[in-house]
Amino acid sequence: MQFNKISRDKSAASTELGYVFTFLVGVMLLTMFSIWTFGIETATRERWNIAAVDANLADIASAVERANDASRIHPELQYAEAVEWRLTEADDTAFTIHLHQDHLKIEHDEPELEREKRLSGSGYAEHSGSLLLDGSGTVWVVYEDGNLTLSLYRPSF
């Protein structure tokens, strides 16, 4: 007859604890990687939003300058130009565009998206007006009767 003796071998328990700790380290590393990639994605999206708003502002300012050039050709001339608004991740219904004699300003609920661009104001046109973008995809720059304004709608002339 053989008698089995109970031994207090702890090597199996330490192996099991090693598996648990390895699993927890893996979960921690994956969580850190997820947070890191989310931060990169968010920063990239914000940078693209700012770049799109800057490009939109530059396009509208260029159209205003071309309307100024048209006003210098002949004061009775009528001029209209459509500027396509580049889409952004930001709320497009919250953009307000202000046209002043010497600058163009875009306002938004998010302060980092607010921009301003200087204009030459060298034409005969009187610049004035504000425009709530309200999700529209086109901004019209209109020169008529000595006034240069912005509109969401195509002029009737």
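As shown above, the structure is provided for reference.
What you are looking at is a predicted structure, and each value in this text was computed from that prediction instead of being measured.

Colleague: What exactly am I supposed to notice about the packing of aromatic side chains here?
Modeller: Where two aromatic rings form a pair, the distance of their centres and the angle of their planes describe that pair. The final tally for this structure, using the stated rule, is two aromatic pairs. Geometrically, the ring pair formed by F33 and W36 is tilted, given 5.7 Å between the ring centres and 45° between the ring planes. Of this pair, F33 and W36 both sit in helix α1 (residues 11-73), three residues apart, roughly one helical turn. Take F33: its relative accessible area is 48%, and that puts it in the partly exposed class. The exposure class assigned to W36 is exposed, which follows from its relative accessible area of 55%.

Colleague: Looking at this structure, how should I read the sheet that holds strand β4 (residues 115-118)?
Modeller: By definition, the strands of a sheet pair up through backbone hydrogen bonds, in either a parallel or an antiparallel sense. On the basis of which strands lie adjacent, the open sheet formed by four strands has the order β4-β3-β2-β6 and antiparallel pairing. This sheet does not close on itself; its edge strands, each paired only once, are β4 and β6 (130-132). Averaged over neighbouring strand pairs, the angle between their axes works out to 10° when direction is ignored. Relative to strand β3 (residues 103-107), strand β2 (residues 96-99) is paired through four bridges, and the arrangement is antiparallel. Residue T96 lies in a different strand from β3, and its bridge partner there is E107. Contacts between α1 and the sheet are confined to β2, β3 and β4, with β4 contributing the most and set at about 30° to the helix.

Colleague: What is the right way to look at the environment of E110 in this model?
Modeller: Tracing the sequence through the fold places E110 in the loop between β3 and β4. Residue E110 is classed as partly exposed on the basis of its relative accessible area, which comes to 31%. Taking C-alpha positions, E110 is 9.0 Å from A94, a pair spaced 16 residues apart along the chain.

Colleague: Hey, could you run me through the nonpolar core in this one?
Modeller: Among soluble globular proteins, nonpolar side chains are generally buried collectively. Within the largest apolar cluster, 26 residues are counted, with the highest numbers of intra-cluster contacts made by I60, F95, I97, L104, V141 and L150. Only α1, β2, β3, β7 (138-144) and β8 (147-151) provide two or more residues apiece to this core. A total of seven residues in this core trace back to one element, the largest contributor, which is α1. Apart from residues no more than four positions distant in its own chain, L150 is found in contact with I60, I97, L99, L104, L131, V139, W140 and V141.

Colleague: Where do I start with the side chain of H108 in this structure?
Modeller: Tracing the backbone through its elements, the reader meets H108 in the loop between β3 and β4. A polar contact of 2.9 Å, which involves the side chain of H108, links it to the backbone oxygen of D91. At 3.0 Å, the side chain of H108 forms a polar contact with the backbone nitrogen of E110. When near neighbours in sequence (up to four residues on either side) are disregarded, H108 contacts A90, D91, A94, F95, L113 and E114.

Colleague: Any chance you could explain the pattern of salt bridges here in plain terms?
Modeller: Side chains that differ in charge, positive against negative, can pair when their charged atoms come close. A complete count under the given rule lists seven salt bridges for this structure. Among the salt bridges present, the one from R45 reaches E41, with a minimum N-O distance of 2.7 Å. Placement of both R45 and E41 in helix α1 is noted, with a separation of four residues, approximately one turn of the helix. With a closest N to O distance of 2.2 Å, D69 and R72 form a salt bridge. Placement of the pair is D69 and R72 together in helix α1, with a separation of three residues, close to one helical turn. Overall, the relative accessible area of 36% leaves R72 in the partly exposed class.

Colleague: What exactly am I supposed to notice about the environment of N68 here?
Modeller: By the element assignment, N68 lies in helix α1. Here the alpha-carbon distance between N68 and Y79, two residues eleven residues apart in the chain, equals 9.5 Å.

Scoring rules and cut-offs
Residues numbered from 1 in each chain as written. Predicted model: local features only at pLDDT ≥ 70, side-chain atom pairs only at ≥ 80, totals over all residues. Heavy atoms only, no water. Phe/Tyr/Trp six-rings, centres within 6.5 Å; stacked < 30°, edge-to-face > 60°. Helix = DSSP H or I, 4+ residues; strand = E, 2+ residues; numbered from the N terminus. Buried < 20%, exposed > 50% of the residue type's maximum accessible area, 1.4 Å probe, protein only. Pairing = 2+ DSSP bridges. Axes fitted to C-alpha atoms, helices over the stretch in contact; angles between N-to-C directions. Contact = heavy atoms within 4.5 Å. Core = buried A, V, L, I, M, F, W, Y, C linked by side-chain atoms within 4.5 Å. Polar contact = N/O pair within 3.5 Å; in protein donor to acceptor, adjacent residues only side chain to side chain. Salt bridge = Lys/Arg side-chain N within 4 Å of Asp/Glu carboxyl O.

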